[in-house]
Amino acid sequence: MIADRRALRRKDPEGLAADRAAAKVIPVWRGRSLVRAGRPPTPVWLEGERAQAALGAGGEEAIYLGVDAAGAAVFAIDLSDVDDPVDALGLEDRFEDLRMAGAFMPAADFEPLAYARGICRWNRTTRFCASCGGALRNEEAGFAKSCTECDEKVFPRTDPAVMILCVRGDRCLLARQPGFPRGMVSALAGFVEPGESLEDCVRREVGEEVGLTVERLSYAASQGWPFPQSLMIGFRAEVAPGEVRLEDDELEEARWFTRAELEKPAMKAAGYFYPPPMSLAHRLVREWIAE
Ligand SMILES: [Zn+2]
């Protein structure tokens, strides 16, 4: 895990150079994360000569992630320009899609990989100034860029999105988007619009997606979700009596589940499952079941 992001260190070139010489490195390749096969897979961080080789092969500037629990500096490096980094660096492990490989990882394993993936993606996709089209220059160890033509300065974006577990009495509402894996149902979710409060966003999404009215709303928890750049903000919403109506084509199914129906054997028999342990949706459902 990353114990401290040490944001002030990003503006200290000499300190960063010293950190880099003894760095632990989380490599990212074309959006994928380096993991060791297993159930669940485990993250692979590079150290020593391998870390230095990865930093050398990265081409782009290394991104400073902070320090781990032992106080060691941790960097992310994007190896996307290397055709086969496993071969080039003599690695034993594989680059895998984090959403698949990370599904059953503990949060402490998953979160640093998600952090590295998200910040690498922002650096890779943010090359030109949105105001004038000029090239951007990297600053602050991967956490800021400034335009070489005008004064524009840009920072990594995070898009807020709400996740809502609707409940009424002894049942909660889970729904399917058409793109979900077969059988998966989850809490409702949607992006916050400009000028909108989180509370208004929850009421709007519940109304738009399932035609229900929120009576009571409480904040539950949040999770950084860099796929590609979201922050999921989780709520519990008690809804007024009323029929579920799928108002638009964002959802193909929504139904109520009792706690007993959410237990694994019952879900399996009905052909459903809800999202895996590393997700906020999982936490919202489990917390409700546990009450
Ligand atoms: Zn510009």
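Residues numbered from 1 in each chain as written. Predicted model: local features only at pLDDT ≥ 70, side-chain atom pairs only at ≥ 80, totals over all residues. Heavy atoms only, no water.

Draft legend 1. Spatial organisation of the pattern of salt bridges. Per the stated rule, a full pass over the model turns up 24 salt bridges. When the shortest N-O distance is used, the salt bridge between Arg124 and Asp78 registers 2.9 Å. Of the two residues, Arg124 is situated in helix α5 (residues 107–125) and Asp78 in strand β6 (residues 73–78); the sequence distance between them amounts to 46 residues. Classification of Arg124 as partly exposed rests on a relative accessible area of 26%. (Salt bridge = Lys/Arg side-chain N within 4 Å of Asp/Glu carboxyl O. Helix = DSSP H or I, 4+ residues; strand = E, 2+ residues; numbered from the N terminus. Buried < 20%, exposed > 50% of the residue type's maximum accessible area, 1.4 Å probe, protein only.)

Draft legend 2. A look at the coordination of the zinc ion. Protein coordination at the zinc ion comes from Cys129 (SG), Cys132 (SG), Cys147 (SG) and Cys150 (SG), with a distance range of 2.3 to 2.4 Å. What the 4 donor atoms of the zinc ion show is an angle range of 98 to 117° at the metal, which sorts the shape as tetrahedral. Expressed as a motif, the donor residue spacing for the zinc ion is C-x2-C-x14-C-x2-C. With a gap of 18 residues between them, Cys129 in the loop between α5 and β8 (136–139) and Cys147 in strand β9 (residues 144–147) connect regions that are remote in the sequence. For Cys129, a relative accessible area of 5% translates into the label buried. Judged by relative accessible area, Cys147 falls into the buried class, the value being 4%. (Donors = N, O, S within 2.8 Å, 3.2 Å for Na, K, Ca; no water. Tetrahedral: all angles 85-135°; square planar, octahedral: opposite > 155°, others 65-115°.)

Draft legend 3. Geometry of the sheet that holds β8. Reading across the sheet, the 3 strands line up as β8-β9-β10 and stay open at both edges, with antiparallel pairing between neighbours. Both edges of this open sheet fall to β8 and β10 (153–154), since each of them pairs with a single strand only. As defined by bridge partners, β8 adjoins β9 across 4 bridges and the pair is classed as antiparallel. Bridged to Asn138 within β9 is Lys145. (Pairing = 2+ DSSP bridges.)

Draft legend 4. Focus on the domain arrangement of the protein chain. Per the domain assignment, the segments of the protein chain are domain 1 (2–125) and domain 2 (159–290). Between domain 1 and domain 2, the C-alpha centre-to-centre distance is 32 Å. Note on domain 1 versus domain 2: buried area summed over both sides is about 930 Å², and carbon and sulfur give 72% of it. Taken together, domain 1 and domain 2 are joined by 0 salt bridges. Here domain 1 and domain 2 share 1 residue pair in polar contact (both at pLDDT 80 or more) between them. Counting only elements with at least two residues in the side of domain 1 that touches domain 2, the list comes to α4 (98–101) and α5. Of the residues assigned to the side of domain 1 that touches domain 2, the class counts are 7 nonpolar, 2 polar and 3 charged. (Domains from an automatic or database assignment. Buried area = accessible area lost by both parts, 1.4 Å probe. Polar contact = N/O pair within 3.5 Å; in protein donor to acceptor, adjacent residues only side chain to side chain. Nonpolar A, V, L, I, M, F, W, Y, C, P; charged D, E, K, R; others polar.)

Draft legend 5. View of the side chain of Ser80. Note that Ser80 resides in the loop between β6 and α3 (85–88). At a separation of 2.8 Å, a polar atom in the side chain of Ser80 contacts the main-chain amide nitrogen of Arg30. Within the structure, Ser80 has its side chain in polar contact with the side chain of Asp78 (distance 2.5 Å). Here Ser80 is in contact with Val28, Trp29, Arg30 and Arg124, once residues within four sequence places are set aside. (Contact = heavy atoms within 4.5 Å.)

Draft legend 6. View of the nonpolar core. The biggest cluster of nonpolar side chains holds 50 residues, and the ones touching the most others in it are Leu65, Phe110, Met163, Leu165, Leu174 and Leu262. Per element, the largest residue contribution to this core is 8 residues, and it comes from α5. Two domains each put at least three residues into this core: domain 1 (2–125) and domain 2 (159–290). The residues contacting Leu165, other than those within four sequence positions of it, are Cys172, Leu173, Leu174, Ala187, Phe235, Arg236, Ala237, Leu284, Val285 and Trp288. (Core = buried A, V, L, I, M, F, W, Y, C linked by side-chain atoms within 4.5 Å.)

Draft legend 7. The packing of aromatic side chains, seen in detail. In total, this model carries 8 aromatic pairs according to the counting rule given. For the pair Phe110 and Trp225, a centre-to-centre distance of 6.0 Å together with 35° between the ring planes defines the contact as tilted. Here Trp225 lies in strand β14 (residues 214–225) and Phe110 lies in helix α5, a separation of 115 residues in the sequence. The exposure class of Trp225 is buried, given its relative accessible area of 16%. Each residue in the set Phe110, Trp225 and Phe227 is aromatic and connected to the rest through ring pairs, giving one cluster. Its end group placed over the ring of Phe143, Arg10 keeps NZ or CZ at 3.5 Å from the ring centre. (Phe/Tyr/Trp six-rings, centres within 6.5 Å; stacked < 30°, edge-to-face > 60°. Lys NZ or Arg CZ within 6 Å of the ring centre and 35° of its normal.)

Draft legend 8. Representation of unusual backbone geometry in the model. Between Arg39 and the following residue, Pro40, the backbone shows a cis peptide bond with an omega angle of -5°. For the bond from Phe227 to Pro228, the omega torsion is 0°, close enough to zero to count as cis. Topologically, Pro228 is positioned in the loop between β14 and β15 (230–239). The phi dihedral of Arg30 falls on the positive side, at around 50°, and the residue is not glycine. Assignment of secondary structure puts Arg30 in the loop between β2 (24–29) and β3 (32–36). Residue Arg30 is classed as partly exposed on the basis of its relative accessible area, which comes to 44%. Although it is not a glycine, Ala141 adopts a positive phi angle of roughly 50°. Here Ala141 shows up in the loop between β8 and β9.

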